[in-house]
Protein chains: 2
Amino acid sequence: MECQLTIALTEQKKEKPASDKLGFGVHFTDHMFVMDYTEGKGWHDPQIVPYSPLTIDPAAMVFHYGQAVFEGLKAYRNKAGEVRLFRPDQNFKRLNRSLARLDMPAVDEAFMIEALKKLVSVEKEWIPTEEGTSLYIRPFVIATEPCFGVRASHTYKLLILLSPVGAYYAAGMKPVKIYVENSYVRAVRGGTGNAKVAGNYAGSLKAQTEAHEKGYEQVLWLDAIETKYIEEVGSMNVFFKVNGEVWTPVLNGSILEGITRDSTIQLLKSWGIPVVEKRIAMEDLFQAYNDGVLEEAFGTGTAAVISPVGEMSWNGHKMVINQSQTGEMTQKLYDTMTGIQYGVLEDKLGWSVKVTE
Amino acid sequence: MECQLTIALTEQKKEKPASDKLGFGVHFTDHMFVMDYTEGKGWHDPQIVPYSPLTIDPAAMVFHYGQAVFEGLKAYRNKAGEVRLFRPDQNFKRLNRSLARLDMPAVDEAFMIEALKKLVSVEKEWIPTEEGTSLYIRPFVIATEPCFGVRASHTYKLLILLSPVGAYYAAGMKPVKIYVENSYVRAVRGGTGNAKVAGNYAGSLKAQTEAHEKGYEQVLWLDAIETKYIEEVGSMNVFFKVNGEVWTPVLNGSILEGITRDSTIQLLKSWGIPVVEKRIAMEDLFQAYNDGVLEEAFGTGTAAVISPVGEMSWNGHKMVINQSQTGEMTQKLYDTMTGIQYGVLEDKLGWSVKVTE
Ligand SMILES: Cc1ncc(COP(=O)(O)O)c(C=O)c1O
Ligand SMILES: Cc1ncc(COP(=O)(O)O)c(C=O)c1O
């Protein structure tokens, strides 16, 4: 990538939302990063420009054949004013894996991290500083060629949007109720489940809506083949503390390789807690629950970081975990992970990347 | 749907492409249909407007979570100048099934057919008349709300684009070579395979590219559970004539319910040919091939109508069907189906819908 990043700053800055009214992904900053791809020419014209609508042909392939992949990470700003990213290299590595799965062109990871740092610096004032708030970062790539042939597009656009987001748990961590889904499936090996592609999410909405109607906040996805093994919870990976040991579904081709998942495993191991990555049958988890050894459960993901699970419903069985309270280990993981993210705890594993001094 | 369709005609008509240079889905007509949806208000403001780029927020959900469904049908213009649609009611029924699967709002099917007829009338001069050419019609619906929350959008846009397309087999029908795919899968029951959603196609491109590299034109998809049973070929349903009987995979939740598939079954039955909808193991098809009773194979879909299969590659076995020639029954199906579509054969089943006299 030889291209020079150009920057055009806006003359009309928007008003920033109050930090207690941020929500998730509804406010967008003044600028965005844009870069174009043309077959034969490669990625070109990286720019930071004022946030503005796209002008795009209605026949653009993204609208028809769903060639669209994305990433999600955050910038954290601490009391000292330092701005940090958390393992951004992992996000751009995964972006390239997702791009490959949809037959889309790879990006230069090192260049993207530099461009992202620049964009975040430009928008520094948009990063909220209240406890638990952050700047959500959404890189994504879409197919732009106007053509109805079912084949990979010859042109693409990569954008990065930024959105200041509120604390996921504004009033302290609150364990969620999850519904184990037996009919709808999210992904299957050989499909696109281990890539962060738009279509995976579209397919998951119906089950989520139905779970909400039943009084549950998230769906627990089972494997597509036997409808038996635990895969993920909503848009999070999932962990269970059973008899002092931590279980998480082994990566199998249909589970997204969460960066928070990987970080959680590394942290737990560094604390001497045994982590077992394996196929987890819902039946076996239920057995552990009945034996009184299912001690804690939580999801992991960029948005909520660590999200305690307080209740699960499976085939009419209701499982209440740790009396619907956040477990001790779950809390410690949350505190440690966010401590590293905000740069207030020692970063032994070198995960935190400073954007500004 | 109480809304009145408004029409704004363009003042700058494009030049029409030569009928021998049409290709598929690369030329678009002068106008398009657009309609908006807002939660609480429903579908509103249906309009026929000049074909023009969309102005759309980069945070629009379609780019991130893939809420996008589409349809594909054609308008046919015969020598007498009559313009016809083929079973358009089935396309809008299926559109509503696809919309429901992605938690998107239903459209009024009867209104949509009327709006489509109007649009096609406006663009009548764009419909080529040469043998095998037609006007491809692409209705689609996309999520437009700018928000990163993983939930159904509250706003949508429905569009219909039109594209004059060339004869699929400009030089007579040519049997295709297909590669039986063992690693990638298209869909799984409980997923979105039986809906016409954008993400299904994105996930299929990689396998298609790899098949091309091996010298095959299309991929034959096997079931995701056992990688054993035949599902579809590329973007077509598939049929096999075995010992005088016709086999086609039974609809199982992961196969798209093709309108050409249904029409083919009805035609064959009306001719007294036995049609068996069942699970077809690739192994059993190979056995039939070795026994010398696999007589013909073909795909069905709106684009090619009937597409003969001349060769299949499965686990290193090469199967040459009917000496790579178009079978007699396959040809008769093509001739009959297109005859009905163009209004030159009797339409006993009431499939053809006149747009103009
Ligand atoms: C389906 C799915 N699983 C898991 C995760 C967690 O991944 P990460 O920890 O990288 O945010 C995400 C993304 O947030 C996701 O979309
Ligand atoms: C995956 C898939 N299967 C089958 C078909 C055939 O459906 P139809 O006959 O309605 O065009 C299509 C659409 O063309 C398709 O996209």
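The shown structure was predicted, so the numbers you read here are calculated from the model rather than taken from an experiment. Position labels on residues start from 1 in each chain and follow its written sequence. The lettering of chains begins at A and the numbering of ligands begins at 1, in the order of writing. In keeping with the model being predicted, local features are shown solely for residues with a pLDDT of at least 70 and side-chain atom pairs are shown and tallied solely at 80 or more, while totals for entire chains, interfaces and linings include all residues. Only hydrogens and water are set aside; all other atoms, that is, all heavy atoms of the structure, feed into the side-chain values.

Would you explain the interface of chain A and chain B in this entry?
Frequently, the measure chosen for interface size is the accessible area that the parts lose on association. By definition in these notes, contact holds between two residues if any of their heavy atoms fall within 4.5 Å. On the chain B side, the residues contacting the 61 residues of chain A number 61 residues. For the chain A and chain B pair, buried surface summed over both sides reaches about 4,900 Å², with 64% attributable to carbon and sulfur atoms. Two parts lose some accessible area (1.4 Å probe) when they are put together, and adding that loss for both gives the buried area. Of all residues in chain A, P58, F63 and F148 of chain A give up the largest surface area on contact with chain B, accounting jointly for 15% of the area buried on that side. Basic side-chain nitrogens of Lys or Arg form a salt bridge, by our definition, when they fall within 4 Å of a carboxyl oxygen of Asp or Glu. Applying the counting rule to chain A against chain B returns 0 salt bridges. Between N or O atoms, a polar contact is any pair within 3.5 Å; within protein, one atom must be a potential hydrogen donor and the other a potential acceptor, and residues adjacent in sequence are included only when both atoms are from side chains. Joining chain A to chain B, the criterion identifies 24 residue pairs in polar contact (both at pLDDT 80 or more). Each residue is assigned to one class: nonpolar for Ala, Val, Leu, Ile, Met, Phe, Trp, Tyr, Cys and Pro, charged for Asp, Glu, Lys and Arg, and polar for all the others, Gly among them. By residue class, the composition of the side of chain A that touches chain B is 36 nonpolar, 18 polar and 7 charged.

Help me understand the site of ligand 2 in this model?
Residues and elements named next belong to chain B. For ligand 2, the set of nearby residues contains 15 residues, the closest of which are Y201, E232, I259, T260 and T302. With respect to ligand 2, the side chain of E232 contributes an N or O atom lying 2.4 Å from a nitrogen atom. With respect to ligand 2, the backbone of I259 contributes an N or O atom lying 2.8 Å from an oxygen atom. The protein chains shown are the only cover counted for residues, whose accessible areas, like all others here, come from Shrake-Rupley with a 1.4 Å probe. For ligand 2, whose accessible area on its own is 380 Å², the fraction buried by protein is 95%. By definition, any uninterrupted DSSP run of H or I lasting at least four residues is a helix, any uninterrupted run of E lasting at least two residues is a strand, and each is numbered from the N terminus. Within the residue set of the shell around ligand 2, elements represented by two or more residues are α6 (259–270) and β16 (294–301). Considering only residue class, the shell around ligand 2 consists of 4 nonpolar, 7 polar and 4 charged. Residues are counted as near a molecule or strand when any one of their heavy atoms sits within 4 Å of it.

What am I meant to see in helix α5 (residues 205–213) of chain A here?
Residue pairs three or four apart in sequence face the same way in an α-helix, which turns once every 3.6 residues. Residues and elements named next belong to chain A. The rule is simple: take the accessible area with a 1.4 Å probe, protein chains only, and divide by the maximum for that residue type; under 20% is buried, over 50% is exposed, in between is partly exposed. Among all positions of α5, only L205, A207, Q208 and A211 are buried. Taken down its axis, α5 places every buried residue within 160° of arc, on the same side. Contact partners of the buried residues in α5: β10 (176–181), α4 (198–202) and β11 (218–222). Downstream of α5 by one or two residues, G215 has phi in the positive range, about 95°. What the arc covers is the set of directions going from the helix axis to the C-beta atoms.

Which parts of the structure should I look at to understand the pairing of strand β17 (residues 305–314) of chain A?
Regular strands place side chains that alternate from one sheet face to the opposite one. All names here are of chain A. In terms of burial, β17 is a largely internal element, 10 of the 10 residues being buried. Two strands form a pair only when DSSP identifies at least two bridges running between them. Both β10 and β17 contribute to a ladder of 4 bridges, which runs parallel. Opposite K177, over in β17, you have E311 as the bridge partner. Both strand β16 (residues 294–301) and β17 contribute to a ladder of 4 bridges, which runs antiparallel. Counterpart to F298 in the pairing with β17 is P308.

What's the story with empty space enclosed by the protein in this structure? I'm lost.
With a probe scaled to a water molecule rolled over the atoms, the places where space remains empty come into view. Using protein atoms alone on a 1 Å grid, points that fit a 1.4 Å probe yet trap it form a cavity, whereas open point sets bounded by protein on both sides within 12 Å along at least five of seven lines form a pocket; residues with an atom within 4 Å of a point count as lining. Grid points are joined across faces, edges and corners, and a volume is the space filled by probe spheres set on the points. Following the criterion strictly, the structure yields 6 cavities of 30 Å³ or more and no others. Estimated volume of the largest cavity: approximately 340 Å³. As for the largest cavity, its lining consists of 29 residues, of which T192 and N200 of chain A together with R186, T192 and N200 of chain B are closest to the centre. Its residues assigned to classes, the lining of the largest cavity comprises 12 nonpolar, 14 polar and 3 charged.

Explanation requested: the confidence of the model for chain A in the structure shown.
Detailed reading of the predicted coordinates is not advisable wherever pLDDT falls low. Per-residue confidence for chain A gives a mean pLDDT of 96; residues scoring 70 or more make up 99%. Here the predicted complex carries an ipTM of 0.97, next to a pTM of 0.98. pLDDT is a residue-level measure of predictor confidence that goes from 0 to 100.

Honestly, the relation of the copies chain A and chain B in this entry has me stumped. Any pointers?
For these two chain copies, the linking operation is a rotation about an axis paired with a shift along it. For these two chains of identical sequence, chain A goes onto chain B by a turn of 180° and a shift of 0.0 Å along the axis, with RMSD 0.0 Å. Taken together, these values place the two copies in the relation of a two-fold axis. When each C-alpha of chain A is compared by its distance to the rotation axis, G199 of chain A comes out closest, at 2.0 Å. Of the interface residues in chain A, 100% have counterparts in chain B that sit at the interface too, so the contact is made through matching surfaces. To line up the copies, we fit them by least squares on C-alpha atoms, keeping just the residues with pLDDT of at least 70 in both.

Looking at this structure, how should I read the domain arrangement of chain A?
All names here are of chain A. Domain start and stop positions are those given by an automatic or database domain assignment. We note that the domain assignment places domain 1 (6–165) and domain 2 (176–339) within chain A. Put simply, the middle of domain 1 and the middle of domain 2, counted by C-alpha atoms, are 28 Å apart. Contacts between the two partners involve 18 residues from domain 1, matched on the other side by 18 residues from domain 2. Across the domain 1/domain 2 interface, buried area totals approximately 1,500 Å², and carbon plus sulfur atoms make up 58% of it. Its largest share of buried area at the contact with domain 2, domain 1 owes to F70, R94 and R101, together 37% of the area lost on that side. At the junction of domain 1 and domain 2, the tally comes to 2 salt bridges. As a salt-bridge pair, D262 and R87 come within 2.8 Å of each other at their nearest N and O atoms. Scanning the region where domain 1 abuts domain 2 turns up 11 residue pairs in polar contact (both at pLDDT 80 or more). Of all the secondary structure elements, the ones that give two or more residues to the side of domain 1 that touches domain 2 are β5 (68–70), β6 (73–77) and α2 (88–101). Broken down by element, the residue count for the side of domain 1 that touches domain 2 peaks at 6 residues, all from α2.

Please clarify how the packing of helix α6 (residues 259–270) of chain A against helix α8 (residues 328–341) of chain A should be interpreted in this entry.
Angle between the axes and distance between the axes are the two parameters that describe a pair of packed helices. Residues and elements named next belong to chain A. In this description, a line fitted to the C-alpha atoms serves as the axis of each element, helices being fitted only across the stretch in contact, and the angle between N-to-C directions of two axes falls anywhere from 0 to 180 degrees. With their axes 11 Å apart at the nearest point, α6 and α8 run at an angle of 110° to one another. Classified by the interaxial angle, the pair formed by α6 and α8 is roughly perpendicular. Where α6 crosses over α8, the handedness of that crossing is right-handed. Judged by residue contacts, T260, S263, T264, L267 and L268 of α6 engage M329, L333, T336, M337 and I340 from α8. Roughly parallel covers angles under 35 degrees, roughly antiparallel covers those over 145, roughly perpendicular covers 65 to 115, and oblique covers all other angles. Should the near helix be turned anticlockwise from the far one by less than a right angle, the crossing is left-handed, and should it be turned clockwise, the crossing is right-handed.

Would you mind showing me how to read the pairing of β10 of chain A here?
Residue and element names in this part refer to chain A. The element β10 is extensively covered by neighbouring structure, given that 5 of its 6 residues are classed as buried. Alignment of β10 against β11, held across 4 bridges, turns out to be parallel. For E181, the partnering residue across the bridge sits in β11 and is W221.

How should the side chain of R87 of chain A be read in this particular structure?
Residues and elements named next belong to chain A. Structurally, R87 is set in the loop between β7 (83–86) and α2. Polar side-chain contacts of R87 include one of 2.8 Å to the side chain of S263. In contact with R87, other than residues within four places in its own chain, are I259, D262, S263, Q266 and W351.

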